[in-house]
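Observations on chain architecture
Listed here are the chains, written in short residue letters.
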Amino acid sequence: MTKIIAHRGSKGTHPENTLAAFKEAVLVGSDGIELDVQLSKDNQLMVIHDETIDRTTNGYGEVGSLTLTELKQYDAGSWFQKNPMIQEIPTLEEVVMLLKEENFQGLLNIEIKTDKIHYEGIEQLIVQLMKSQCWPFEYMYSSFYFKSLEKIWEIEQNQNIAAVFRLSEKEETRALQSKFIEGIHPKIDWVFDHLDDLADFPKAIRPWTVNEEDTMTHCFRHHLTAIHTDYPAKALQIRKLIQN
Ligand code: G3P
Ligand code: MG
């Protein structure tokens with residue numbers, strides 16, 4: 001059965017990458033949760049998609065040039081007009097603690113956001129945090145930046161590692177040739193370009209971002225490993241309909 005991974009939490013209904021979005025993803029019964037990690041000026045693992053806080057908070061500046069205390073002063077929820085609420089930018093530790101409290105038992109996909117800024121040491125810090133406790137959920141690592149995946153593999157061989165990419169054939173070939181890459185997380189367009197190859201594809205396929213009903217249906221009918229969606233509740237309903 002194709003797993004349903006809530007992209008940046010339940011991004012379509014709650015402000016992305018906030019505790020409220022992750023809580024919602026758990027409440028609706030998502031099989032998985034995806035989040036993005038960047039590094040603050042004082043080496044704290046911050047859960048935020050962009051390299052700056054401009055789009056998703058009421059502040060401005062680069063994540064990497066602000067400290068944890070400075071980042072915590074900004075509101076990361078009120079910008080979301082569909083469902084505004086006051087939220088902080090969470091740390092990775094705060095998210096994993098929330099998932100533990102909420103008794104989440106699915107899959108956490110930790111996307112390391114190093115494709116634009118190569119944060120020194122971020123991979124080590126993430127692995128250190130994740131290995132510091134036994135979490136009641138599965139987790140895996142992913143990134144657009146292949147060097148981050150190689151670094152993760154050097155220090156952690158027990159968790160799945162997936163390559164994120166858009167449509168590039170080069171990225172696909174590299175992922176296919178790399179023994180430590182368990183799966184690919186391509187842009188959904190890749191799926192439509194490879195319909196004939198899906199059944200025999202030798203690695204897990206978890207595309208993003210699958211928000212339309214017909215696209216979801218397509219992915220479920222092709223038995224893809226998982227989808228990343230901004231609307232996990234809707235995806236769960238559609239998957240149920242297909243199964244009945
Ligand atoms: O990890 C899948 C997906 O999140 C990659 O794209 O830009 O939403 O992080 P983005
Ligand atoms: Mg992401």
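Residues numbered from 1 in each chain as written. Chains lettered and ligands numbered in written order. Predicted model: local features only at pLDDT ≥ 70, side-chain atom pairs only at ≥ 80, totals over all residues.

- The name an unreviewed UniProt entry gives the protein is Glycerophosphodiester phosphodiesterase, with Enterococcus plantarum as the organism.

**Observations regarding the overall build of the protein**
- If you tally the helices and strands in the protein, you get nine helices and nine strands.
- Radius of gyration (C-alpha) of the protein: 17 Å, near the 18 Å computed for a compact globule of 244 residues.
- Relative to its 244 residues, the protein shows a buried fraction of 44%.
- Intrachain contacts of the protein at a sequence separation of at least 6 include 53% that bridge at least 24 residues. (Helix = DSSP H or I, 4+ residues; strand = E, 2+ residues; numbered from the N terminus. Rg over C-alpha atoms; globule rule 2.2 N^0.38 Å. Buried ≥ 20, exposed ≤ 12 C-beta atoms within 10 Å, placed from the backbone. Contact = placed C-beta atoms within 7 Å.)

**Section: the packing of helix α1 (residues 19–27) against helix α3 (residues 92–101)**
- Contact geometry for α1 and α3: axes closest at 10 Å, N-to-C directions at 30°. As summarised for this structure, α1 and α3 are arranged roughly parallel, according to the angle between their axes. The hand of the α1/α3 crossing is right-handed. Across the interface between the two elements, Leu19, Phe22, Lys23 and Val26 of α1 pack against Glu94, Val95, Leu98 and Leu99 of α3. (Axes fitted to C-alpha atoms, helices over the stretch in contact; angles between N-to-C directions. Parallel < 35°, antiparallel > 145°, perpendicular 65-115°, else oblique. Left-handed = near helix turned anticlockwise from the far one by under 90°.)

**Considering the pairing of strand β4 (residues 107–112)**
- Among the six residues in β4, five count as buried, and that is most of the element.
- Bridge analysis of strand β2 (residues 32–39) against β4 gives six bridges, and the strand direction is parallel. Within β4, the position partnered with Asp36 by the bridge is Glu111.
- Examined bridge by bridge, β4 and strand β5 (residues 138–143) share five bridges and lie parallel to one another. (Pairing = 2+ DSSP bridges.)

**Focus on the nonpolar core**
- Counting residues in each nonpolar core, the largest one holds 59 residues, and the members touching the most others are Phe22, Val37, Met46, Val47, Val95, Ala163 and Ile227.
- For this core, the element with the highest residue contribution is α1, accounting for six residues.
- Beyond its immediate stretch of four places on either side in the chain, Ala163 contacts Phe146, Leu149, Glu171, Ala175, Ile181, Ile184 and His185. (Core = buried A, V, L, I, M, F, W, Y, C linked by C-beta atoms within 7 Å.)

**As for helix α9 (residues 232–243)**
- Spanning twelve residues, α9 covers 16 Å between terminal C-alpha atoms, matching the ideal 16 Å at 1.5 Å per step.
- When we look at burial in α9, the residues that qualify are Pro232, Ala235 and Arg239. Summarising the axial view, the buried residues of α9 lie within an arc of 55°, below the 170-degree limit, and thus occupy one face. Within α9, the exposed residues directed more than 90 degrees away from the buried face are Lys240 and Leu241.
- The secondary structure elements touched by the buried residues of α9 are β1 (3–6), α1, α8 (213–221) and β9 (226–229). (Expected span 1.5 Å × (residues − 1). Arc of directions from axis to C-beta.)

**What to know about the pairing of strand β6 (residues 160–165)**
- Across the six residues that make up β6, a large majority, five, are buried.
- Judged from the four bridges that link them, β5 and β6 form a sheet pairing that is parallel. Following the sheet pairing, Ser143 is matched in β6 by Ala163.
- Handedness of the β5-helix α5 (residues 146–155)-β6 crossover: right-handed.
- Bridge count for β6 against strand β7 (residues 183–186) is four bridges, and the pairing is parallel. Residue Ala163 lies in a different strand from β7, and its bridge partner there is Ile184.
- Crossover β6 to β7 through helix α6 (residues 169–177) is right-handed. (Right-handed = clockwise from strand over helix to strand, strands pointing away.)

**Some details on unusual backbone geometry**
- Cis geometry marks the peptide bond from Trp208 to Thr209, where omega comes out at -15°.
- Residue position: Thr209 is located in the loop between β8 (204–205) and α8.
- Although it is not a glycine, Asn103 sits at a positive phi angle of roughly 60°.
- The residue Asn103 is located in the loop between α3 and β4 in this model.
- For Asn103, a count of 9 C-beta atoms within 10 Å puts it in the exposed group.
- The phi torsion at His223 lies on the positive side, around 55°, for a residue other than glycine.
- Within the secondary structure, His223 is located in the loop between α8 and β9.

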